[in-house]
Amino acid sequence: MRTTTRLLTAHPAWKSLSKHRREIERVHLRELFAKDPKRAERFTAEAAGLFLDYSKNRITQVTLKLLLELAEQSELRAKIDAMFSGQRINVTEDRAVLHVALRAPRDAVIEVDGRNVVPEVHAVLDKMADFSNRVRAGQWKGHTGKHIRNVVNIGIGGSDLGPLMACEALKHYSDRNLTFRFVSNVDGIDFVEAARDLDPAGTLFIVSSKTFTTLETMTNAQTARDWLLKGLGGDHSAVAKHFVAVSTNAARVSAFGIDPANMFGFWDWVGGRYSMDSAIGVSTMLAVGPENFKAMLNGFHEMDEHFRTAPFEQNLPVLLGLLTVWYTHFFDAQTVAVLPYEQYLKRFPAYLQQLTMESNGKHVTLDGQQVTYDTGPVFWGEPGTNGQHSFYQLIHQGTRLIPCDFIAFAQALVPLGPHHDMLLANVLAQAEALASGKTAKEVKAEGAPDWLVPHRVFEGNRPSNMILAECLTPEILGALVALYEHSDFTQGVIWNVNSFDQRGVELGKALARRIIPELESERAPRLKHDSSTNNLIRRCRQIKGAQ
Ligand code: G6Q
């Protein structure tokens, strides 16, 4: 399907925003708060257990109105409806984009090519639940009759980052009798370290790969099978008790030697980075049990419904997405820092990096025109308070504008003396300091000598969002992930790019396939790369003693 759309920069709201930006360039957040005692109430919104305070952004009501107009002029509403109704909005791969169907309730109807996909989704969820219950109850035993104590997910990218993040995020709710490991890197050390203290008789491997062709995953799966068979005396029938697969490719699963009865399926309308709530999440379900997994899906669904139905001015993903567009274009912000003040969310920024950067790291519009504006920013971050003792310096006093998303929880999952209040005080203080800063007058009043004053001044006026929830539950995790999925979608619509393909990862993969035999061959290969790559290949061969 090919469409020709109006260029983003031709939208009237875009032009008004460009003009408006010049008007508020010099306005300080301190002034905005001083002028409007109701600012905090005005710029907050709430849904699915998440409270978003976006009042510490460099915006006024005029900014918000213009950004909302930009969303309308970009036909965001129609595009949301197109996604939720199963239209093939992933035009370059001719696919529907229906991760929202993965968390739809059992009685919902969502059709792809005239077929309701919701019953299939629930059939897989039921199969996952049955399997998880059997493993957790010790009914699913290893080949020698031992209980399964270790679960190793083998996958990469979308088949790794989501379950890895979710298992960590929901550790508090997990069965501590089970150990979870994640092997993704083709660097053999990843497998070696994951397996070194495991007993093969009590270990279950989940080979997670949508295509079941991915080099890293298939290499690691093969290594895992060899390791298992070696550990269990070479009996091939052991594979059936120690390997299950998550894939859309039954033929390849079977060719690998995994009984298709032990395969959990999903569909081509689930993109890898949107798949943590599909069967790709079976490790998460094993960890936390089917009830908690369902609770997570409910949280996703609640945010989906909010995104689909709430007016844009109260719509959390729309607001978050528009603010990213605002800073990317009108303040030249190159990055967004995501800073969870919750140790269990330590992998959340890494997860978001794939979600956001694979989705909107695009240089052409849906109709193939080179964009004339920046698209997806770099997402990065670390859990608080650790970052405060390293890179926050640059956010506070550096020369770049770095919008921050702070994520905080009013209650600790495991209260421990004064820790949680200290944690909360820190996140609130950071957002306040970034917004208000500290003037030269204030520094002088503290008695600083004149020469030291400039070093101790904080400009402030540095924007942040605060995403606050009661505490980290499975529902909240689902809502949080859906918030970013849909914020990403909003940005992709404004930029008019396809947020659902990832062609940019292909070229390197293809070249690696060519270089592997060049490194492995016994005879010196005829190299036809650039001279740098040729030299590096020769040097690596020499070091390992090849010709
Ligand atoms: C995500 C991407 C990518 C994918 C991996 C693994 O959106 O598609 O990260 O998840 O390349 O692919 P397989 O699941 O097919 O092994």
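Shown above is the structure to which this text applies.
Residues numbered from 1 in each chain as written. Predicted model: local features only at pLDDT ≥ 70, side-chain atom pairs only at ≥ 80, totals over all residues. Heavy atoms only, no water.

Novice: I'd love a proper account of helix α12 (residues 282–309), names of residues and values included.
Specialist: Here α12 contains 28 residues, and its C-alpha end-to-end distance of 30 Å is more than 12% below the 40 Å for a straight helix at 1.5 Å per residue. The axis of α12 is deflected most strongly, by about 115°, at Gly 289, and proline Pro 290 appears within four residues downstream. (Helix = DSSP H or I, 4+ residues; strand = E, 2+ residues; numbered from the N terminus. Expected span 1.5 Å × (residues − 1). Bend = angle between axes of the 7 residues up to and from the residue.)

Novice: Tell me what's going on with the pairing of strand β12 (residues 404–409), and back it up with residues and numbers.
Specialist: Counted residue by residue, β12 has 6 buried out of 6 residues, so it is predominantly covered. Burial along β12 is two-sided: Cys 404, Phe 406 and Ala 408 and Asp 405, Ile 407 and Phe 409, pointing in opposite directions, are all buried. As paired elements, strand β10 (residues 335–340) and β12 share 4 bridges and run parallel to each other. When the bridges of β12 are listed, Ala 337 appears paired with Cys 404. As paired strands, β12 and strand β13 (residues 464–469) are joined by 6 bridges and run parallel to one another. Bridging from a neighbouring strand, Phe 409 pairs with Ala 469 of β13. (Buried < 20%, exposed > 50% of the residue type's maximum accessible area, 1.4 Å probe, protein only. Pairing = 2+ DSSP bridges.)

Novice: How would you explain the pattern of salt bridges if you had to name every residue and give the values?
Specialist: Within the structure shown, the criterion is met by 25 salt bridges. For Glu 291, the salt bridge goes to Lys 294, with nearest N and O atoms at 3.6 Å. Placement of both Glu 291 and Lys 294 in helix α12 is noted, with a separation of 3 residues, approximately one turn of the helix. Judged by relative accessible area, which is 42%, Lys 294 ranks as partly exposed. With its nearest N and O atoms 3.0 Å apart, the salt bridge here joins Arg 456 to Glu 446. Placement of Arg 456 in helix α18 (residues 453–456) and of Glu 446 in the loop between α17 (440–445) and α18 is noted, with a sequence separation of 10 residues between them. Overall, Arg 456 belongs to the partly exposed group, its relative accessible area being 33%. In this structure, a network of salt bridges that share partners links the residues Arg 103, Asp 277, Asp 304 and Glu 485. (Salt bridge = Lys/Arg side-chain N within 4 Å of Asp/Glu carboxyl O.)

Novice: Tell me about the packing of aromatic side chains, and please be specific about residues and values.
Specialist: All chains considered together, the criterion is met by 23 aromatic pairs. Aromatic side chains Phe 212 and Phe 256 sit 6.1 Å apart centroid to centroid with 80° between the ring planes, which places their arrangement in the edge-to-face category. Here the residue Phe 212 occupies a position in the loop between β7 (203–208) and α9 (215–231), and Phe 256 occupies one in helix α11 (residues 250–256), the gap between them amounting to 44 residues. Of the two residues examined, Phe 212 and Phe 256, each falls in the buried class. Aromatic rings pair up to connect Trp 14, Trp 326, Tyr 327, Phe 330, Phe 331 and Tyr 373 into one cluster. Cation over ring: Arg 39 sits above Phe 33, and NZ or CZ is 5.3 Å from the ring centre. Positioned over the ring face of Phe 256 is Arg 225, at 4.4 Å from the centre of the ring. (Phe/Tyr/Trp six-rings, centres within 6.5 Å; stacked < 30°, edge-to-face > 60°. Lys NZ or Arg CZ within 6 Å of the ring centre and 35° of its normal.)

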